[in-house]
Amino acid sequence: MPSLDSLDFFLLRLSTDFSSLFAIFFQAQGCVICLLLAFGWACAAYVRNREINRIKKSMRNGNNFAFLCQDINELEHSNQADLPRVTTIMPLKGFGEHNLHNWKTQLTSLYGGPQEFLLVVESTEDPAYPAVSRLISELQDSVDARIVVAGLSTTCSQKIHNQLVGVEKMHKDSKYVLFLDDDVRLHPGSIGALVREMEKNPAIFIQTGYPLDLPSGSLGSYCIYEYHMPCSMGFATGGQTFFLWGGCMMAIFLQMRAEDFRQDNCGVVSGLRDGGYSDDMTLAAIAGAHKKLITSPPVAVFPHPLASDLNLGRYWNYLRKQTFVLESYVTKVNQVMNRALFAVHCYLSWGFVAPYCMAMIHVAAALRCHVKGHSLEEMTNTSGGLTMVWLLATCTLVALFSMWNLTRIEVLLCNILSPEAPPLSLASYNWCKVFIAMLVDNFLYPISAIRSHFSQSINWSGIIYYLKDGKISKIERTPRRQDVAPVFTDLGGKHLYGKKGLPTKGSFLSSLSKSLLRWRQQKRTD
């Protein structure tokens, strides 16, 4: 009988220790976390799939425009003429590989009411400025769009500054304002769907949606996808939610016309302008404090293509920005909630990763015993651990299947809502990388959160923000240098400095718009 060497002894001792009641508790906890994730994704998939079935049923009943609205009579000219004016504000920064396509889907909306698009840049030196100028000149006959130069922010994040300048410049008769990030693709009927919900329920304060990440193949892009998937549960409610995503927010802003800024209703303007770092977290906190309603329609899921060269370094920068958000707050209650979210997220993240570390020890010990031919008694010491390994593996497969199913349904929903676009496919997703990304993301999250807590500063697209008492207290801008490589944002791979390609011509939406116009004219003639 071979004797135990130091490595075998070490592995068997660790495996035995990890078979104690205390260790089994943590391993069982990891299984419970997997099952809770699976349950949440299953509920989200049910909500999205219910909307798919509704649209398909409407199409079978003869409504070929069900991806735009439930009732085809809503497309009558008399109904479209009464739709409220919407101002869409798009804060831009840099220009990357997906921006042009994203902007086109946003500007060529099939919303039937009056609308304007304000594309807000920091300065004319931003690479987004010449690119979007050419795009607007191409679409000038069919789109009411203009560029607004906001200048540099001094009291809040540059994105919030751009948004508030856009609000000041918007049309005086606009009833709703829609904030859109430039890294998501909008469906033709998205604006109309948001407006219908707002008109249907005047109690709604803000509507929101959530992105469907399209990984490019790099591990960093899969980490982004995995980070967003648990969060997506809170947005797939089909109704009320407590969360906001800054990439898509529609609100009633009658009270925020330029002449009414001094009233500062609900503290929205001051909360954003005076030290605001995160637009969505700030507005969510204000909505909670004033008992305002936030909703997320089931159709508000938007394709979010990730950069082809999104590496782990850029993913880490993105994660730092996300954890840094929890250090900002508007009220004391908001501070307590952020601290609680900080603690719970960190505990659950490492509580998710720890069982897999223990499982690796159990498997390694069992393999060493089998290869070395150790005694049955020594093998028995690892049998309890292997039982937990099999249980964890089963729960992991259940969670991955549920994540796959939700992604499949959201891909199908996006294809239905954008019939003119090239269809999205689930075939490009690598589920081995998804599992690795789950471990990487949950391991790094607490490290990033702790660092954000102690540093109280973050570099966001070349701008360094410093927090004090939950608000931005100082802003520094890194000087632009000509002798270094271009700076990129985290997700889109956008050039913050330098030039990128020019816009291309043509859109499938133009032909769809013409067919819809012909249909309306035919109905009016009848």
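What counts, and where the lines are drawn
Residues numbered from 1 in each chain as written. Predicted model: local features only at pLDDT ≥ 70, side-chain atom pairs only at ≥ 80, totals over all residues. Heavy atoms only, no water. Helix = DSSP H or I, 4+ residues; strand = E, 2+ residues; numbered from the N terminus. Buried < 20%, exposed > 50% of the residue type's maximum accessible area, 1.4 Å probe, protein only. Contact = heavy atoms within 4.5 Å. Areas by Shrake-Rupley, 256 points an atom, 1.4 Å probe, with all protein chains shown as cover. Pairing = 2+ DSSP bridges. Salt bridge = Lys/Arg side-chain N within 4 Å of Asp/Glu carboxyl O.

Draft legend 1. Representation of the overall build of the chain within the structure. Along the chain, the regular secondary structure elements total 15 helices and 13 strands. In the chain, buried positions account for 54% of the 526 residues. A separation of at least 24 residues holds for 81% of the contacts in the chain among residues at least 6 apart in sequence. Of the roughly 23,700 Å² of accessible surface on the chain, a fraction of 61% belongs to carbon and sulfur atoms.

Draft legend 2. Structural context of unusual backbone geometry. For Lys291, which is not glycine, the phi torsion reads 55 degrees and is therefore positive. For Lys291, the location among the structural elements is in the loop between α10 (279-289) and β9 (293-295). In this structure Lys291 comes out as exposed when scored by relative accessible area, which is 74%.

Draft legend 3. Structural context of the pairing of strand β13 (residues 471-477). Relative to β13, strand β12 (residues 463-468) runs antiparallel, the two being bridged by 6 bridges. Across the sheet, Tyr465 pairs through a bridge with Ile475, a residue of β13.

Draft legend 4. Molecular detail of the pattern of salt bridges. Counted by the stated rule, this structure contains 13 salt bridges. A salt bridge links Glu327 to Arg339; its shortest N-O distance comes to 3.5 Å. With Glu327 in the loop between α11 (312-325) and α12 (332-372) and Arg339 in helix α12, this pair connects stretches of sequence that are 12 residues apart. The class for Arg339 is partly exposed, based on a relative accessible area of 30%. One salt-bridge network, in which partners are shared between bridges, spans Lys159, Asp181 and Asp279.

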